[in-house]
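Structural overview for review
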Amino acid sequence: MADQKAPQMQATLGLTGLTSNAMALIAPGAFLWLTFVIQAGTGTTAPTMWLGIFAALLLCLATAVAYAEISKLYPGTGSSYYYAEQALLSKDRFFKYARVAKFIVGWGSHLYYWVYPGVMVAVTGVFVGYIVGFLYPNFMSGSNPGLIFMALVAIAFSFFVGWIASKGAGASTAVNLAINIVQISALLVFSVLAIGYRTSHPAGSPAFQYDGQTLATYSYQFATAKDGSIVRDATGTPAPLLDAAGKPVPFTIDYPEKDASGNFLSHTSAASVVAPHKFSFVFIQATVAILILVGFESVTSMGGEAKNPTKHIPIAVISSLLIQGLVCYLIEYFAANYFLNSGYTMQSAVTSAAPIGDMMIMVGDGLLGQGHGKYFMLAEAITVFLALIGTTLSCMNTGARVTYAMGKDDEAPEHFGILHAGSLSPRKAIWTLAVISAIIGVIAVVLVFGDASAPSDAAIAALPHGIFSNFGYLSHDQLAALPNSLLTITLTSNFGTFILYALSCLLCIIAYHRRHDYSVVRHLLVPGFGLLANIVCMAFYLISPVFGLGTFKEPLLALGISAAWGVYGAIYFIRSSKAKGKAVLLTAK
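This one's a predicted model, so the numbers in the text were calculated from it and none came from an experiment.

It is worth spelling out the packing of helix α4 (residues 80-89) against helix α5 (residues 98-113) at this point. One can describe the packing of α4 onto α5 by two numbers: an axis separation of 8 Å at closest approach and a directional angle of 160°. Between α4 and α5, the crossing angle belongs to the class labelled roughly antiparallel. In this structure, α4 meets α5 at a crossing whose hand is right-handed. Taken together, the residues of α5 that come into contact with α4 (itself represented by Ser80, Tyr81, Ala84, Glu85, Leu88 and Leu89) are Ala98, Ala101, Lys102, Phe103, Val105 and Gly106. A breakdown of the residues in the contact of α4 with α5 according to their chemical character gives eight nonpolar, two polar and two charged.

Moving on: empty space enclosed by the protein. Per the counting criterion, the structure on display carries five cavities of 30 Å³ or more. Forming the boundary of the largest cavity are 21 residues, of which Val37, Ile38, Val448, Asn484 and Leu486 lie nearest the centre. Looking at the lining of the largest cavity, the elements that each hand over two or more residues are α2 (28-40), α6 (116-135) and α18 (485-512). Of the residues assigned to the lining of the largest cavity, the class counts are 14 nonpolar, five polar and two charged. In this structure, the second largest cavity spans a volume of roughly 90 Å³. Those elements giving two or more residues to the lining of the second largest cavity turn out to be α10 (279-293) and α19 (520-546).

The space that makes up the second largest pocket amounts to roughly 330 Å³. Forming the walls of the second largest pocket are 19 residues, and the residues nearest its centre are Gly43, Thr44, Gly262, Asn263 and Phe264. Class assignment for the residues of the lining of the second largest pocket results in eight nonpolar, eight polar and three charged.

So, about the pattern of salt bridges. One pass over the structure, following the stated rule, counts 10 salt bridges. In this structure, Arg232 engages Asp211 in a salt bridge whose closest nitrogen and oxygen atoms are separated by 2.7 Å. Remark: Asp211 occurs in strand β1 (residues 209-211) and Arg232 occurs in the loop between β2 (216-218) and α9 (270-274); sequence separation between them is 21 residues. Residue classification places Asp211 among the buried residues on the basis of a relative accessible area of 2%. Residue Arg515 is joined to Asp517 by a salt bridge in which the shortest nitrogen-to-oxygen separation is 3.0 Å.

Time to look at the environment of Thr235. With respect to the secondary-structure elements, Thr235 resides in the loop between β2 and α9. Take Thr235: its relative accessible area is 65%, and that puts it in the exposed class. Sequence separation of Thr235 and Thr214 is 21 residues, and the distance between their C-alpha atoms is 9.3 Å. Within the local environment of Thr235, its side chain forms a polar contact with the side chain of Asp233, the two groups lying 2.7 Å apart. A distance of 3.0 Å separates a polar atom in the side chain of Thr235 from a polar atom in the side chain of Thr237.

Considering the arrangement of structural elements, one finds Lys102 in helix α5. Within the local environment of Lys102, its side chain forms a polar contact with the side chain of Asp409, the two groups lying 3.1 Å apart. The residues touching Lys102, leaving out its near neighbours within four places in the chain, are Tyr81, Ala84, Glu85, Asp409 and Glu411.

Our next topic: the packing of helix α3 (residues 49-73) against helix α11 (residues 309-339). Working note: a packed helix pair is described by the angle between its axes plus the distance between those axes. Orientation of α3 relative to α11, taken along the N-to-C sense of each, is 175°, at an axis distance of 9 Å. Overall, the two elements α3 and α11 adopt an arrangement that is roughly antiparallel. For the contact of α3 with α11, the class distribution of residues is 22 nonpolar, four polar and one charged.

Tallied over the entire structure, the rule returns 35 aromatic pairs. Here the aromatic rings of Phe159 and Trp431 are separated by 6.5 Å at their centres, their planes lie at 25°, and the arrangement is stacked. With Phe159 in helix α7 (residues 147-165) and Trp431 in helix α15 (residues 427-446), the pair connects residues that are 272 residues apart, well separated along the chain. Residue classification places Trp431 among the partly exposed positions, given a relative accessible area of 32%. Aromatic pair Phe296 and Tyr501: ring centres 5.2 Å apart, planes at 45°, arrangement tilted. Of this pair, Phe296 sits in the loop between α10 and α11 while Tyr501 sits in helix α18, and the two are 205 residues apart along the sequence.

Trp33 and Phe36 are the most contacted members of the largest nonpolar core, which has 167 residues in total. Setting aside its immediate chain neighbours within four residues, Trp33 contacts Phe127, Tyr130, Ile131, Ala354, Ile356, Gly357, Met360, Met377, Ala381 and Val384.

To continue, consider α3. Taking 1.5 Å of rise per residue, the 25 residues of α3 would be expected to cover 36 Å, and the 37 Å separating its terminal C-alpha atoms lies within 8% of that figure. Across the 25 residues that make up α3, a large majority, 18, are buried.

Another point: the side chain of Ser493. Relative to the helices and strands, Ser493 is located in helix α18. For Ser493, a relative accessible area of 0% corresponds to the buried category. If near-sequence neighbours (up to four positions away) are discounted, Ser493 is found in contact with Leu111, Tyr112, Val115, Tyr116 and Val119.

Criteria and thresholds
- Residues numbered from 1 in each chain as written.
- Predicted model: local features only at pLDDT ≥ 70, side-chain atom pairs only at ≥ 80, totals over all residues.
- Heavy atoms only, no water.
- Axes fitted to C-alpha atoms, helices over the stretch in contact; angles between N-to-C directions.
- Helix = DSSP H or I, 4+ residues; strand = E, 2+ residues; numbered from the N terminus.
- Parallel < 35°, antiparallel > 145°, perpendicular 65-115°, else oblique.
- Left-handed = near helix turned anticlockwise from the far one by under 90°.
- Contact = heavy atoms within 4.5 Å.
- Nonpolar A, V, L, I, M, F, W, Y, C, P; charged D, E, K, R; others polar.
- 1 Å grid on protein atoms, 1.4 Å probe; cavity = no way out; pocket = protein on both sides within 12 Å on 5 of 7 lines; lining within 4 Å.
- Points joined across faces, edges and corners; volume = space filled by probe spheres on them.
- Salt bridge = Lys/Arg side-chain N within 4 Å of Asp/Glu carboxyl O.
- Buried < 20%, exposed > 50% of the residue type's maximum accessible area, 1.4 Å probe, protein only.
- Polar contact = N/O pair within 3.5 Å; in protein donor to acceptor, adjacent residues only side chain to side chain.
- Phe/Tyr/Trp six-rings, centres within 6.5 Å; stacked < 30°, edge-to-face > 60°.
- Core = buried A, V, L, I, M, F, W, Y, C linked by side-chain atoms within 4.5 Å.
- Expected span 1.5 Å × (residues − 1).

So, to be careful, I would describe these as geometric facts and stop short of saying anything about function.
As structure tokens, this is what we get:
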């Protein structure tokens, strides 16, 4: 057992600090930029992006209520891992399963908390690659950054965030509070401009056409070769289509729904953005969208550092989700989807490393004058990078504290359950998670342009040559035949989230069963809906490939990884119990 006389966590966080930490993980200012391309790459389900987020939000709200209610009973470090033990110990019929339950919850939560930071450092690598490619196009392509470059950024970013987390909760909270203010303000500005661009450009009016290779807008139509590729001059600039008089043909905007092959292009109206299109599409989009909403529960892992945990943690859980999920995400995703047009379609977004960055350049050109949108994009990019620090930091803190709780209980290696004497943070768990995140981040960017995101052979041939620019790029057909590694890792993290949230809803039902303060609505109906919704979303990992809905390789791979993690956990638990002489089932409370 870890030494109980070792340094203990101090209660220093009030309501503002707790809410800031939860909001930092949700980070809408970062996720619109980072996950739009992932959601766009889910095949035919892309038109239902907004409603998929709304469905995931309902699921999360039900789960948030369960977390808020159970945190009133058991304030402490470890979140659902701690709740599982306490909930079953409170029941005379089920107390013997307390150790098994808390290990299952703790092990399952690691599939989320240990993989999620890896997703964040991976998308940071893609993000930085886009910015560097924009600033130095002769060194790297912004639309398709170099794989080695992105991997190196992911590694460096993982250890940078680990270093901040190792300084303790106080330093992390200060960083998160500042980041929340900046990123929310920035995303609202973009949302207003994106909606304004659409409403001020009716079909048939002059507008801009975006070119993903030069990362710039043009007011004329592009000349194309017989194979459909864009004709370019020696600098890579698209050549204009000329009329009979030899003058460039102006580009006029339109809002086509689909192309000749049936690929979705843009929404014909505002109603189309919020429409389900197909009911099954909603669930598939929700399995991806859960990534952008998770984090509200992170604050429940900080019970040992909260001044008034029973009062403030439930408020922080609900308020963080309502502010950012119900308000920020629904506004910004509506704006981004409504903006799509013939000058920048959903198919343009699928093959770009940062479609929101592309959109920012376009709306910036419309506001500031053509050629000046890059300044608006770069200003917004700074806020995205800050938000990335906040969300990765918050998740590392949460994951490390769950690992710390397991180490302290001797359910994980003992050294994880030790706090650093100076910062009072679980540094061993933090640095272990930093290493794991770096490894996962590298894996995630290796085939980030696989499957539907595969660039054309012409785009690959146009990449600047160099080990940091085009090394590792295969042909279009080869990349299209391989799974998208970033989407696979994202779905794996999300599957862990569904497992954790489903179990947490079940724990709320168990904890309040036959208590004097039991409420049918708060302790049965709401968490019951959350339990069912999480199970349905997990089922769609298998349903969608079987019925050919959206992408199919990535969900099955994510299921395989999750199953392997579960089998390894069962083997570890049984062997560890025998080695330590611990009974699997308790004989007494």
